[in-house]
Amino acid sequence: MSAPQPERERAAMVERQLRRRGIRDERVLAAMARVPRELFAPAEQRTAAYSDNALPLPHGQTISQPYMVARICEALGARPGRLVLDVGTGSGYQAAVLAELGAEVVTIERIPELAEQARANLTAAGYGRVEVVIGDGTLGLPDRAPFDAIAVAAAAPVLPQTLYEQLRPGGRLVVPVGGRAGQELQVVEKREDGAQVARSVPCRFVPLVGEGGF
Ligand code: SAH
């Protein structure tokens, strides 16, 4: 079966998977109604692009579920003028939504083939201005720091301190923290008096692999 009407499927996704489940930020809802998720899904997954789950990518990775992407974007406060680091590019979909929100986005992926495909996806979808870097995202990008916000799309065993240090004062880090089998999404704000950690929804992400990961 083909997916001839991506706009309608996208509108239904926003309504059923996001708005009805408590995503309130109208800017995030509008951005996700615009980004063509089908252009980030591998060809054989395209008809499932708007389903309510993560989608498989090569190398055992996944494109995050739309609801998790919305939660992360809502928590980050991405907007024009903000510099955002997206750790775990995968397909590039999360980076595209952050760019659609007007942020300047740098994204880092450890698997070169995924990074290259993500670059092609981002260009095809009209987000060629997103910078895709190949490397270990647990180290952040010291040359580009400080960031207004950092999104991590892979599970960390503990709060990644190096990334926290690359935040601007008042900046936010959103990261799934926990074991391999399940995590909770943590929203960390860098305050003068230290890290303020708020716990958001339970989640299940692929593991963050690298120096500060598993
Ligand atoms: N945000 C992505 C979801 C990708 S899944 C999307 O919207 O499609 C998580 C990704 O993190 C995988 O592609 C995995 O290879 C990558 N990853 C895991 N550990 C990493 C690390 N240390 N540095 C950079 N990328 C990493």
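Caption draft 1: The environment of Q183, seen in detail. Positionally, Q183 belongs in strand β8 (residues 183-191). On a C-alpha basis, the gap between Q183 and A156 in space is 8.5 Å, while along the polypeptide they are 27 residues apart. Not counting residues up to four positions away in its chain, the partners in contact with Q183 are A155, P176, V177, G178, V201, P202, C203, R204 and F205. Here F205 takes part through its backbone nitrogen, which lies 2.8 Å from a polar atom of the side chain of Q183.

Caption draft 2: The arrangement of the site of the ligand in detail. Looking at the ligand, there are 25 residues lining it, with S91, E109, D136, G137 and V209 nearest. Between the ligand and E109, the relevant distance is 2.6 Å, taken from an oxygen atom to a side-chain nitrogen or oxygen of the residue. In the model, a nitrogen atom of the ligand is placed 2.9 Å from a nitrogen or oxygen of the D136 side chain. Against a free-state accessible area of 580 Å², the protein chains account for coverage of 100% of the ligand. Looking at the shell around the ligand, the elements with two or more residues in it are β2 (62-63), α4 (93-100) and β4 (104-109).

Caption draft 3: Expanded view of the pairing of strand β6 (residues 147-152). β6 sits mainly inside the fold: six of its six residues count as buried. By the bridge criterion, four bridges tie strand β3 (residues 83-87) to β6 in an arrangement that is parallel. Within β6, the position partnered with V87 by the bridge is V152.

Caption draft 4: Just the environment of V197, in detail. Here V197 is to be found in strand β9 (residues 194-203). With a relative accessible area of 36%, V197 lands in the partly exposed category. Through-space distance from the C-alpha of V197 to that of V133 is 28 Å; in sequence the pair is 64 residues apart. Leaving out residues up to four positions away in the same chain, V197 has contacts with Q186, V187 and V188.

Cut-off values and rules
Residues numbered from 1 in each chain as written. Predicted model: local features only at pLDDT ≥ 70, side-chain atom pairs only at ≥ 80, totals over all residues. Heavy atoms only, no water. Helix = DSSP H or I, 4+ residues; strand = E, 2+ residues; numbered from the N terminus. Contact = heavy atoms within 4.5 Å. Polar contact = N/O pair within 3.5 Å; in protein donor to acceptor, adjacent residues only side chain to side chain. Near = heavy atom within 4 Å. Areas by Shrake-Rupley, 256 points an atom, 1.4 Å probe, with all protein chains shown as cover. Buried < 20%, exposed > 50% of the residue type's maximum accessible area, 1.4 Å probe, protein only. Pairing = 2+ DSSP bridges.

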